[in-house]
Amino acid sequence: MAPKAKKQPHESLKQEHVLQAVVIADTFNVRFGPVTLKKPRALLPLVNVPLIDYTLEALAASQVQEVFVFCCHLGEQIREYIKNSKWQDGSSSAMTVVTLLSDSCISVGDALREIDAKSLIRNDFILITGNLVANVDLSQVVEEHKQRTQGKDKSSVMTLLFKNAQPGHRARCKEDEMFLLEEGLTKRLLYFQKSQDQMKFPIPKDILLDHEDVILHNDLMDCHACVCSPIVPTLFTDNFDYQTIHSFVKGILINEEIMGNKIHMSIIQDKYAARVSNLQTYDAISKDVICRWTKPLVPDMFGSSSKKRVKNGRHNVYCGEDVTLSRGSSLGNNVVVGGGTVIGSSTTISHSVIGQNCRIGENVKIENSYLFDNVTIEDNCDVDTSLLCSDVHVLANVVLKKGCVLAWETVVGPQVTLGNGTQLMSEPQKDEFDDLDLSFEGKEKAPDGQANQEKMEEQMDTASYGAKCRAYLYKPFIESDDEEDEIVEDESWWLSATDLRADLSGGSEDSSDEEEDEEDSNEEGGADGEFALDSEEEGEDVVDSALGFNPKACLLKVDADFYKELVATLVRAESEKIKEENLILEINSLKHAFTVPINEVIHSLPCSFIDLAKKLQGNSGASVPSVLAAFKTISSRYSSVLCNYMKDSESQLTAISGIGDFVVKNEEYRTRLPQLFNILYDADVLTEASIIVWYNQSPSPPGSNKALYHSFLKKLAQPFITWLQTAESESSEEEEDEDEDGDGN
Amino acid sequence: MTNPGDSTAVIMAAGMGSRMTDLNTECPKALLPVGRYPMIYYPIRTLEKSGFAEIIIITRQSCQAQFASALTPGMVPVKAKLEFLGISDQEDAGTADSLRLIADKVKTNALVVSCDLITDGDLLDLMSVHRKNDSSLTVMLSQLPTAITADTVVPGFKAKQKNNLGEKISIGFEYSNVEHVVYWKAQVDMEDELVAFSKKFLNRFPCARIQSSWTDCHVYLIRDFIIKYLKDKGELSSLQGELVPLVVKKQMSTFHPAKLQEEAGMDSPNGDLKLDKKKDLVDYAGETCNKLSHTIKSLSLTSPNFGSNEDAAQKDLIRCYAYRQTSGFCVRTNTIAAYAEASKQMPRLTSQFFLPKQTAFQNVPENTIIKPKSQVGADSMLGENVEIGEKVSIKKSVLGKFCRVGDGVKITNSVIMDDVSISQ
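Residues numbered from 1 in each chain as written. Chains lettered and ligands numbered in written order. Predicted model: local features only at pLDDT ≥ 70, side-chain atom pairs only at ≥ 80, totals over all residues. Heavy atoms only, no water.

A.B. asks: If you had to explain the nonpolar core to someone new, which residues and values would you point to?
C.D. replies: All names here are of chain A. Core analysis: the biggest nonpolar cluster contains 64 residues, and Leu46, Ile377 and Leu388 have the highest contact counts within it. Counting only elements with at least two residues in this core, the list comes to helix H2 (51–61), helix H10 (279–290), strand S20 (335–337), strand S23 (353–354), strand S26 (370–371), strand S29 (387–388), strand S32 (405–406) and strand S35 (423–425). With 6 residues, H10 is the largest single contributor of residues to this core. In contact with Ile377, other than residues within four places in its own chain, are Arg359, Ile360, Gly361, Val364, Ile366, Leu371, Val383, Leu388 and Val394. Core analysis: the next-biggest nonpolar cluster, separate from the first, contains 62 residues, Val567, Leu583, Tyr638 and Phe677 among them. (Core = buried A, V, L, I, M, F, W, Y, C linked by side-chain atoms within 4.5 Å. Buried < 20%, exposed > 50% of the residue type's maximum accessible area, 1.4 Å probe, protein only. Helix = DSSP H or I, 4+ residues; strand = E, 2+ residues; numbered from the N terminus. Contact = heavy atoms within 4.5 Å.)

Structure (structure tokens):
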């Protein structure tokens, strides 16, 4: 299947055409959190070499002659870097590198439109992001594309490059999970779907009917590299709604019959290609580089412009020049140490990358971590699975737990412990979008200007980050809706880096997904000031003896008037047979009338439907089973309404907690919690994944009201969860679910 | 006299021929003549060639005698020991019902062949696929002979013949092992606009190749536990329509030994019968391999799940593979079109089906009476005692026994059965 190496001399071709490449040195997102605030991602060092060098090297190796590097965010830095790099002196390669700067671009589509406006493209060209690490010969793909366009498939506009990677591959980026269909013989792309966490992937049946040979791929990873026909920038110009390559691909596929344009694909089988798209893949790819999968792009053969020699020792230990290893210090497997670094005695380092000119004190333990240049770590520190940018200073006796990110020039310590996933930066966070960040409640909000500077100094949390710290908490921006299908995931790279060891219970890759989601929801819950499930405000210490915890402290306070009105609306909707979409409108208007947050609406909805069921069954006199039966019919009838509010896992979790609160309040329903779940599950309102995520949540600290409350509900829901987990192993087709129902109830 | 691989060979001849009703009002589908012999002779011959010595033929009770007389050694050169079993004449009996009848006779595998299969494929190849992969169910697939799909001129009503599309099945094969069948869906069953694949499926088989160019030859090699399951579960009636998709789908299921024990513990020792309704196919599969074989599997280097976690062996209990016949001839004479095609192909294929000593078989038997100026093409086949008049030309056609063809008749692309008179 792979494009087999045809050793045809390309000389004849070269003389006719100049092979061009466009490098988009920006990814238009903030996956790297605080790290990319000061330095563009393309310049981040990956194993001590700026990322863009990997990309340019891959292009040079593919005999590309002209490269346009398109930079937006902090583009000056990239231009400056390339100006002084080996790419410009002409000695190391015949490739000319031109940097294009644009501040107005907010997407790949914009960049291509600009390129079209400048009409820089003359032939088929390679479009690539500035964070690709690859040792593939792209010219073969270009050749393949050329043969296709000159041969029978003239309408092919693009050949997408994919890398073979089984599900669970460490370099597979969770955000980029996708599912696609390829036509067997022609390698044509038939269908493309980003697969986030849905359990089913519907494809139009016509694809199966019309094509005799279709290959279903879930084993691919998008390299974000493609070979485009010269028409592609024009197509972008014609369609202003094409923002990303993905939206372009989708657009082409949908309009295939009208426009006649086709997209083909090429799969890399035995070479390396991966994209540094977030911290998790940064981690995975760094390790691949150290383990020499990317040869010749390995530390000892491929350096940055500074022509320093790197020595390669056994067990993948690489040392630069002038490294000072004190007595008693040890370097474990897979370690890269940059030139000029001093490592103190009794210090152990393993599976890590240390930049140049770092100072590491005595008795320090560094594991799975990445230190950029000029990092200073003082004595007795413990760094685990963390990323430390240049000029970070970690004072003595500091423990960095998994997933810490310390951005440029941050100082922490002495004698503090940073929890999992702490992201710190040396300056207070600025709002990039001034009016957007309402959720920060002024605490982290740092209006520009010197006047507030002192105030901010005060807010520097010396208690958590040490007496001499210069550190501010970084909060990820909640991205606005303009990027349609981008879903912001929190950086929980440390989980995937270690889940193989830590995850004893599940073992399957799904569980790491769940953990991640769980992490998300926990953090969201913590960050949102309004959604206070916390117990601190309630002074009463009434512990319900039957429950073993204080119920009042845990329940989400719901506006009683709103709730009453909501139930009334539902009753009216039921009696007047109001259409589902109108009901949604009514509920929305209620939300505005009572100014309740959306969380609360979602939280109340399941309960209000149960109340509706109660009312239909003649209110209080009704027996629990009959109410449940009514609830079942109602929820299947209004499932579209419920689904409208509970689309993603977060809102589903809210809904589940709503049901939880309901059963805590209504004693007679406590034993019925499994049925309630089952009903909503059958109505396709709640997905299996989110129920499991909810179930696996563990509110901290253990022993608190919240934890007790959760474990109480967990116990109630146990039967349903067990059923779910056994049913999960069955095929998820509907007819079987029905078979299984008997067991479940 | 034993069969290869201790398999039980079964020929399903109880079909009503619902897709060729015009032809089989008088005699059962399986006894319709194709070339010189009844249709059912060909699967018997194929089985014989693969070394099967005992063959069970399942017919309808009413036709049993007819079969027995048609298949006496005098009529057809059959060597294998044939055993006839009749099923009741009820309308709704399907292939799975036929199989239930012989459930007790199956020791290890049952090789189920349809009576309308005419192929030169070697069933031993199918059996090696089965054994190589330790398969639970192996099906034989074949590329459609292009002649049928494309431009055969078909006797009968045009509209009726278009049901070929309805027979198309989308079959998914694992990309790295194309013999492994992972997806099976008849295209007529795709009612919705969307066909959904579950995430579990995609994670289990990350790269599947779905092809619709294969025809199911209705040759199945079935493990005993599936037949046991079939016997206990009453509702399945068709092998192709229900059992095969079910087995393919159940490859995803996991066997829970604990669950089974628990259930068994609740009932008395012979509680198995009561539990049958609930028992899933995978449980049957689980029973066949004990703990030891599980350990062997997880430790074996050749096992597909070597080195993976311990549960893996429990997941791979049901396996469905396919023998994909790519060359040669394979046709199911279940429609008039296919029947006509098969009959016409017969002259070319005779050598495949007849014993070596008969290879010098003549398409025109000696006792044919042909009057002058008539031509019988080499691509035609005549039955015994055919009389042909003057200036007759016969091309690409098959004539049955005792036919009389008048003067000046032209026959092309036709199948003419026994005792037909065509006058001038």
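Having seen the model, we can carry on.
A.B. asks: Explain the packing of aromatic side chains residue by residue, including any values.
C.D. replies: Enumeration according to the criterion identifies 8 aromatic pairs over all chains in this entry. Measuring from ring centre to ring centre gives 5.9 Å for A:Phe236 and A:Tyr242, while their planes differ by 80°; the resulting arrangement is edge-to-face. By relative accessible area, A:Tyr242 is classed as buried at 8%. When the ring of A:Phe236 is compared with that of A:Phe248, the centres are 4.7 Å apart and the planes differ by 15°; the resulting orientation is stacked. Taken as a pair, A:Phe236 in helix H7 (residues 231–238) and A:Phe248 in helix H8 (residues 245–254) lie far apart in primary sequence, 12 residues in all. Judged by relative accessible area, A:Phe236 falls into the buried class, the value being 0%. Assessed through its relative accessible area of 0%, A:Phe248 is described here as buried. Pairwise contacts between aromatic rings join A:Phe236, A:Tyr242 and A:Phe248 into one cluster. Its end group placed over the ring of B:Phe173, B:Arg324 keeps NZ or CZ at 4.4 Å from the ring centre. (Phe/Tyr/Trp six-rings, centres within 6.5 Å; stacked < 30°, edge-to-face > 60°. Lys NZ or Arg CZ within 6 Å of the ring centre and 35° of its normal.)

A.B. asks: So what's going on with the sheet that holds strand S20 (residues 393–395) of chain B? Which residues, and what values?
C.D. replies: Ordered in space as S17-S20-S23 (chain B), the 3 strands form an open sheet in which the pairing is parallel. Taken across any chain shown, the strands that pair with only one partner, and hence form the sheet edges, are strand S17 (375–376) and strand S23 (410–412) of chain B. (Pairing = 2+ DSSP bridges.)

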